[in-house]
Amino acid sequence: METLRDPQGGCPWDVEQTFATIAPYTIEEAYEVADAIERNDLIELKGELGDLLFQVVFHARMAEEQGLFAFDDVVTAIAGKLERRHPHVFGDEAQRSSQEQTVAWETIKAAERKDRQKPGVLDDVPVGLPALTRAAKLTKRAGRVGFDWPSTDEVFDKLAEEVEELRVEIAAGDKAKAREELGDLLFVVANLARKLEVEPEDALRAANAKFVRRFGFIEAELARDGRTPDQSTLEEMDRLWDAAKVAEKPAT
C-alpha cells in the first residue's frame, strides 16, 4: 500500500484517494462479505475478507502518511478493546453467561462513551450505518435503559397507527408528510425486527433475493413462449408469481 501511494512511482488513482473517497468502497466490501456468507460460499468468503482487510490497510496507510496512526496501532487498539471488554476471560473476574456478558458489555461501552465525552445513550450509534440497521440499534440501545414497549403487541398497534397516518397523508397529496410518515413506518418495522431478534437488513436481503428468484421464474416461463414481461399482463405475471411460490414449497 505504501508503494501504491508513493507520489513518485505509485498508482495515480491510489495516490488521489482520501478517507472520504475510500469509505464507500469499505462499505461495499463489507456487504460483499455478508453476501458470500448469505450464499454460504466460503471459498469466495476468503477472497472477500481479503478485500475487506485491504480497506483497513488502505485507511491505515493514509492515516500513517498524516502522522495519525499506523496499521499496528489499529491492531493494538482492537486487541486492547477485546481485553477490556472481556475481563472474565483476560482478567480476574468470574466467568459470565452469554446474557451476563451482554449486560456487562453495555456497561463497559457506557463507561467508554463517558471517557470520550459522549455520555448519551445513543451518542455512538454510527450515523453511517444502513438506516434499518441503525434504527434497530437505536431502539435496542434505548430499550436497555427502559425506553421500550413491553411486547410485540404494542409494536403492532403502533405499526397499524403509522400505516393509517401514511394513508391520510397520501390521500391528502402531501408528499413531504407522506415521506415523513413512511420513515416512521419503517422505523417501527425495524423496531419490530429488533423485538423478534431479527436483523432487518438480513431479512430484507432475503426478501430481495426471493423477489429476484420469483421474478426470474416469471421471465423463464414467459421465455418459453418467446415473450418478455413487458409483452405480458399484470394478471398473467401474478399467476406465474403464484406458480413460483408453489414451486418453492418442499415436496411432502
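Chemist: Tell me about unusual backbone geometry, and name the residues and values.
Modeler: Of note in the backbone geometry, N40 takes a positive phi value of approximately 55° without being a glycine. The residue N40 is located in the loop between α2 (19-38) and α3 (42-65) in this model. Overall, the relative accessible area of 57% leaves N40 in the exposed class. One non-glycine residue, E197, adopts positive backbone phi at about 60°. Mapped onto the fold, E197 is located in the loop between α9 (175-195) and α10 (200-223).

Chemist: Which residues make up the side chain of S232, and what values do they have?
Modeler: Mapped onto the elements, S232 comes out in the loop between α10 and α11 (234-248). At a separation of 2.6 Å, a polar atom in the side chain of S232 contacts the side chain of E236. Residues within four places of S232 in sequence aside, it is in contact with L222, R227 and M237.

Chemist: Any details on α11? Residues and values, ideally.
Modeler: Working note: α-helix, 3.6 residues per turn, so residues spaced by three or four point in the same direction. An ideal rise of 1.5 Å per residue puts 21 Å on 15 residues; α11 measures up with 21 Å between its terminal C-alpha atoms. If you check which residues of α11 are buried, you get E236, M237, L240 and A244. Buried residues of α11, seen end-on, are gathered within an arc of 95° and therefore sit on one face of the element. Away from its buried face, by an angle of more than 90 degrees, α11 presents the exposed residues L234, E235, R239 and V246. Residues of α11 that are buried sit in contact with α10.

Chemist: Break down the packing of α10 against α11 for me, with residues and values.
Modeler: At a minimum axis separation of 9 Å, α10 and α11 run at an interaxial angle of 115°. Remark: the crossing between α10 and α11 carries right-handed chirality. On α11, the residues that touch F211, R213, R214, F215, F217, I218, E221 and L222 of α10 are E236, M237, L240, W241, A243, A244, K245, A247 and E248. The class makeup of the residues in the contact of α10 with α11 is 11 nonpolar, no polar and six charged.

Chemist: Summarise the pattern of salt bridges; cite the residues concerned and give the values.
Modeler: Tallied over the entire structure, the rule returns 17 salt bridges. The salt bridge involving D35 is made with R39; its shortest N-O contact spans 2.8 Å. On the accessibility criterion, D35 (35% relative accessible area) is partly exposed. The salt bridge partner of R61 is E64, with a shortest N-O separation of 3.3 Å. Linking R61 with E64, this pair stays in helix α3, spanning three residues, or about one helical turn. Among the residues examined, E64 registers a relative accessible area of 40% and is labelled partly exposed. A single network of salt bridges, built from pairs that share partners, joins R5, R61, E64 and E65.

Chemist: Give a detailed account of the nonpolar core, specifying residues and quantitative values.
Modeler: Of all hydrophobic cores here, the largest spans seven residues; its members are V155, L159, L166, A178, L185, V188 and L192. The set of elements that each furnish at least two residues to this core consists of α8 (152-172) and α9. At four residues, α9 tops the list of elements feeding residues into this core. Contacts of A178, omitting those with residues within four sequence positions, involve L166, E169 and I170.

Scoring rules and cut-offs
- Residues numbered from 1 in each chain as written.
- Predicted model: local features only at pLDDT ≥ 70, side-chain atom pairs only at ≥ 80, totals over all residues.
- Heavy atoms only, no water.
- Helix = DSSP H or I, 4+ residues; strand = E, 2+ residues; numbered from the N terminus.
- Buried < 20%, exposed > 50% of the residue type's maximum accessible area, 1.4 Å probe, protein only.
- Polar contact = N/O pair within 3.5 Å; in protein donor to acceptor, adjacent residues only side chain to side chain.
- Contact = heavy atoms within 4.5 Å.
- Expected span 1.5 Å × (residues − 1).
- Arc of directions from axis to C-beta.
- Axes fitted to C-alpha atoms, helices over the stretch in contact; angles between N-to-C directions.
- Left-handed = near helix turned anticlockwise from the far one by under 90°.
- Nonpolar A, V, L, I, M, F, W, Y, C, P; charged D, E, K, R; others polar.
- Salt bridge = Lys/Arg side-chain N within 4 Å of Asp/Glu carboxyl O.
- Core = buried A, V, L, I, M, F, W, Y, C linked by side-chain atoms within 4.5 Å.

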